Amino acid sequence: MLLTIHKSKIHRARITEANLNYVGSITIDESLMEAANLVEGEKVQIVNNNNGERLETYVIKGERGSGVLCLNGAAARKAEVGDIVIIISYALMTPEEAKNYSPITVFPDENNSVN
């Protein structure tokens, strides 16, 4: 049996762009991706603290150090620039792996930078 376990989280990042005319996904600053152990193409859940929206999409690598956090495509309708979101990734693990796993949580500053 495999369990779906919280793998990592970017907690309270700020949306910097919403691009309706893009194919889909969320663009995340490469520095944030690395800090949260996210890889390009990975499925993530996005929780919008401002309006309660929840959605799933996949990650696209954004320019390192830019602070970019851009919802693309239809997801752009789920947030406005300035909204605070939580980005969560999950992993499948055996019960034994899950007992020994410690998730990564990243707390970016108001510019989506990691200190």
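Residues numbered from 1 in each chain as written. Predicted model: local features only at pLDDT ≥ 70, side-chain atom pairs only at ≥ 80, totals over all residues. Heavy atoms only, no water.

Q: Please provide a residue-by-residue account of the sheet that holds strand 3 (residues 25–29), values included.
A: Strand order across the open sheet formed by eight strands is 2-6-3-5-4-7-1-8, with mixed pairing between neighbours. Each edge of the open sheet carries a strand with a single partner, namely strand 2 (17–19) and strand 8 (104–106). Neighbouring strand axes in the sheet, compared pairwise and without regard to direction, differ in orientation by 30 degrees on average. Two strands pair when backbone bridges link them, and strand 3 and strand 5 (residues 54–62) are joined in this way by four bridges, in the parallel orientation. In the sheet register, I28 faces strand 5, and the bridge partner there is K61. (Pairing = 2+ DSSP bridges. Helix = DSSP H or I, 4+ residues; strand = E, 2+ residues; numbered from the N terminus. Axes fitted to C-alpha atoms, helices over the stretch in contact; angles between N-to-C directions.)

Q: Which residues make up the pairing of strand 5, and what values go with them?
A: In this sheet, strand 5 lies alongside strand 4 (residues 43–48) in antiparallel orientation, the contact comprising five bridges. Its bridge partner being in strand 5, V44 is matched across the sheet by T57.

Q: Tell me what's going on with the environment of L32, and back it up with residues and numbers.
A: Relative to the helices and strands, L32 is located in helix 1 (residues 30–35). As a C-alpha pair, L32 and Y101 span 69 residues in sequence and 21 Å in three-dimensional space. Excluding anything up to four places from it in sequence, L32 contacts I10, V106, P108, N112 and V114. (Contact = heavy atoms within 4.5 Å.)

Q: Could you give me a rundown of the side chain of E42, with the residues and numbers involved?
A: With respect to the element layout, E42 can be found in the loop between helix 1 and strand 4. Overall, E42 belongs to the buried group, its relative accessible area being 13%. Engagement of the side chain of E42 in a polar contact is seen with the side chain of K7, the distance being 2.7 Å. Dropping the residues within four chain positions of it, E42 is found in contact with K7, N37, T57, Y58, V59, S89 and Y90. (Buried < 20%, exposed > 50% of the residue type's maximum accessible area, 1.4 Å probe, protein only. Polar contact = N/O pair within 3.5 Å; in protein donor to acceptor, adjacent residues only side chain to side chain.)

Q: Pulling in residues and values, what's your account of the nonpolar core?
A: In globular proteins that are soluble, nonpolar side chains generally tend to be buried together. Counting 20 residues, the largest nonpolar core has I10, I26, I28, L38, I46, L69 and I87 as the members making the most contacts within it. Contributing elements (two or more residues each) for this core: strand 1 (3–14), strand 3, helix 1, strand 4, strand 5, strand 6 (69–72) and strand 7 (84–93). Beyond its immediate sequence surroundings of up to four residues, L69 is in contact with A13, R14, I15, T16, E17, I26, T27, I28, V85, I87 and N112. (Core = buried A, V, L, I, M, F, W, Y, C linked by side-chain atoms within 4.5 Å.)

Q: How would you explain the environment of E97 if you had to name every residue and give the values?
A: Structurally, E97 can be placed in helix 2 (residues 95–100). Classification of E97 as partly exposed rests on a relative accessible area of 44%. For the pair E97 and L2, spaced 95 residues apart in sequence, the C-alpha to C-alpha distance is 9.5 Å.

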